[in-house]
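Examining the three-dimensional arrangement
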Amino acid sequence: MKFSAIWRTPRGGSLTKLAYYSTVQHKVAKVRSFDHSAKETDGDPLYEISVQEEITARLHFIKFENAYIETCLDFIKDHLVNTETKVIKATGGGAYKFKDLIEKKLKLKVDKEDEMTCLIKGCNFVLKNIPHEAFVYAKHADSEFRFQNTHPDIFPYLLINIGSGVSIVKVESEDKFERIGGSSIGGGTFWGLGALLTKTKRFDELLQLASKGQHTNVDMLVKDIYGGAYGSLGLTGDLIASSFGKSATTDKEFSKEDMAKSLLHMISNDIGQLACLYAKLHNLTRVYFGGFFIRGHPVTMHTITYSINFFTKGEVQALFLRHEGYLGAIGAFLKGAEEDNPNQYSWGENYAGSSGLMSVSPELNPVQRARSGTFDMLEMDRLERQLVNLPLLHDPTSYIPDTVDLTEDALARDYWLYCFEDALDGVVKRAVASQKDQPEAAERAEKFRQKYRHKLQTLRHQPFAYGSLTVRSLLDTREHCLNEFNFPDPYSKIKQKENDMALKYYLKVVKSVEELSWEQRQFALVKGLLAGNVFDWGAKAVSDVLETDPEFGFEQAKQQLQERPWLVDAYSQWIERMKGPPHKCALFFVDNSGIDIILGVFPFIRELLLRGTEVVLASNSGPALNDVTNSELQILTERIAAMDPVIQSAFKEDRLALVQNGSSSPCLDLSRLDKVLATVVRERGTDLVIIEGMGRAIHTNYYAMLSCESLKLAVIKNSWLAERLGGKIFSVVFKYEVPSKSQEQH
């Protein structure tokens, strides 16, 4: 276990931020093929499922007030069992202040790291690894927070760090940065002058006063001098002409609130103008603000944002960071972990272990504000593989995986939060059933229920807690919570049973389509693909049917499908394209186990292979709902190949490749895919992408623009969503898109 900490002196927020690295033992479900060389009996399952212990790495970030420094050191001491660590990395003013105490109590050497280097290192790390890390603050908008996409290339950017003073740093690469300017008028100035003016010694109290004040009672405005706007200079009447200007000419007492507000405006405007001038000088449009002056406080973020908008006429956006308070600690940790090279991995925020962004309204919850900062806890898991963009994204910088942002759409937010809460009993039941042989499973499932319900309630009040709220993040949070209580794959037995069942019908389905004419065959294959997609335990309407009628089969699913014309119907364009030359290589993001993959996807890709198109099947690296995982798909493909010479030769000759997508989610983020998959896509000259299923093609990627042909198809298995899209339950989306010439050149 490795530790680092950032200690701030009381002047700088009186908080210790601690970063530490631990190994977490948790259960994973593994599948292993049986030896099929011996004669099988009908009841034999296709593969065996075993639950194994796996060790993964996790980063933890927590906060302590400096008043509890002894508690903090006890916490570290308790977690230093059997560790090789002989050194603790520290940065910030407190690294000097508490050095002797740390060394004495922990019997470790304190290594002091440069604060600015740590800050930049931490900033680079969160911008690269945490989706929706940066946000724009809009006080009067429906959604106060507008989260930015993770940009594939984060450099160059400007970091305005507002501590006691202001440092302006230009960051050009991982290790290249330069302090290009600064100012002595910063957070310390606001605090110091504020204390003199209001006799208030506490920083948060000062901000509280400012949030209630009216600066126009103290500041002299343009209209106070000219009676209105100064039109020829383009100055509006409400513009501040002179900060504190009225106090020189008006003989009266000013309220503490008004003076605090005026002071906040004066300092924020000064910093904003300085930031804009440096951004212009160095031709930079990405400007991040951090430091103890900001700390996610709405009044401060609003004044900075207003100032930046005014001085750049909206050309530059003021960006803030969700985990801004942890940047130094993260950087110090990374300095200590360089021999492990954390940058060679990708990391993902663990929603089960993170406290989330707190409400920023001081009126709503003054207790939260008093904790000084936005986050109390953050956990990140090290992912087994490096995640990168799909090379076929038309423009990675503008790609947004999610179709609806629930932080902005209140109606959809209310529905989906209700929907996930309503489904909770079913998930708990499924989790317990997957571990019948473990008597304590019910107790763990109950703990899962409480944890996930608490998360849903938090999101009801603070939709922005983990960045943009989406159906994908709700699903991912549920998966993280299930894993935390050792339910690695609640659907493993259902998948096993459905895979066994579907394999028995594979040859029959292939035979029936082979007998059709070419046109009829193409339609039957597409219809089979859609019918297969009906079998989704993640959709309540379907799981209810599957629960009550286990015999519900492929033919019944076909009958449930909407007749053509479909809700979104580009079938005619697709069939015309199929009359043309074959595609070079098709990348198919597959969805569910059982009937979907075996009777829907395989007959469809079989046709592509017969046309001379190579096929790459991309499946989940880890389990999510009843989605087929890469290890399950390997076994299924071998089994189908043993029955079907077309699949067998393609598999043997590597014209059919199976690659994991790097995800354990029912949804699909094309900006976070396994690096190996991206390489395969590039090397094979992929010119067709097929995305199947509600999670991958409707909740995510519905609007994704690719630089090659794409097919997005799904059956809508949720009546609320179907109605919203203008259809009914079991409506069909069949979206075939061809990029314009300009897109292809891009």
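Residues numbered from 1 in each chain as written. Predicted model: local features only at pLDDT ≥ 70, side-chain atom pairs only at ≥ 80, totals over all residues. Heavy atoms only, no water.

Going by what an unreviewed UniProt entry lists, the protein is known as 4'-phosphopantetheine phosphatase and is assigned to Danio rerio. Database annotation for the protein, UniProt heading Subcellular location (unreviewed entry): "Cytoplasm". Turning to the protein, the UniProt annotation filed under Subunit (unreviewed entry) states: "Homodimer. Interacts with PKM." (UniProt positions renumbered as here; feature names shortened; annotations may be inferred.)

Side note on the overall build of the protein
Counting its secondary structure elements, the protein contains 29 helices and 25 strands. The buried share of the protein, reckoned over its 746 residues, is 58%. Carbon and sulfur atoms provide 51% of the accessible area of the protein, an area that totals close to 31600 Å². (Helix = DSSP H or I, 4+ residues; strand = E, 2+ residues; numbered from the N terminus. Buried < 20%, exposed > 50% of the residue type's maximum accessible area, 1.4 Å probe, protein only. Areas by Shrake-Rupley, 256 points an atom, 1.4 Å probe, with all protein chains shown as cover.)

Some thoughts on unusual backbone geometry
A cis amide bond, omega -10°, links Phe155 with the succeeding residue Pro156. Checked against the element boundaries, Pro156 lands in the loop between β7 (145-147) and β8 (157-162). Along the chain, Arg564 connects to Pro565 via a cis peptide bond; the corresponding omega equals 0°. At Lys199, a position not held by glycine, the phi torsion is positive, near 60°. Along the chain, the position of Lys199 falls in the loop between α5 (187-198) and α6 (203-212). By relative accessible area, Lys199 is classed as exposed at 66%. For Asn486, which is not a glycine, the phi torsion comes out positive at approximately 60°. By the secondary structure assignment, Asn486 is in the loop between α16 (471-484) and α17 (492-503).

Let's talk about helix α18 (residues 506-514)
Taken together, the buried positions of α18 are occupied by Tyr506, Val509, Val510 and Val513. The buried residues of α18 occupy one face: seen down the axis, they fall within an arc of 95°. Exposed and oriented more than 90 degrees from the buried face of α18 are Lys508 and Lys511. Here the buried face of α18 lies against α17, α19 (518-532), α21 (554-560), α23 (595-610), α24 (630-643) and α25 (645-652). (Arc of directions from axis to C-beta. Contact = heavy atoms within 4.5 Å.)

Points about the nonpolar core
In terms of nonpolar packing, the biggest core is built from 60 residues, with Trp574, Phe602, Phe604 and Leu617 touching the most fellow members. Apart from the residues within four sequence positions on either side, Leu617 is in contact with Phe588, Val590, Val601, Phe602, Ile605, Leu633, Leu656, Ala657, Leu658 and Val659. If you look at the next biggest cluster of nonpolar residues, it comprises 43 residues, including Ile168, Met259, Ile271 and Ala275. (Core = buried A, V, L, I, M, F, W, Y, C linked by side-chain atoms within 4.5 Å.)

So, the sheet that holds β8
Here we have seven strands laid out as an open sheet, ordered β7-β6-β14-β13-β8-β9-β10, and mixed in their pairing. This sheet does not close on itself; its edge strands, each paired only once, are β7 and β10 (177-183). Within the sheet, the average angular offset between the axes of one strand and its neighbour, ignoring direction, is 35°. Where strand β9 (residues 166-171) and β10 come together, six bridges link them in antiparallel fashion. Paired with Val171 across the two strands is Phe177, which belongs to β10. With respect to the sheet, helix α4 (residues 115-129) is in contact with β6 (134-137), β8, β9, β10, β13 (286-290) and β14 (317-321), its orientation differing from that of β8 by roughly 125°. (Pairing = 2+ DSSP bridges. Axes fitted to C-alpha atoms, helices over the stretch in contact; angles between N-to-C directions.)

Focus on the side chain of Arg521
For Arg521, the position within the fold is in helix α19. Overall, the relative accessible area of 18% leaves Arg521 in the buried class. Other than its neighbours up to four places away in sequence, Arg521 contacts Val513, Glu514, Leu516 and Glu607.

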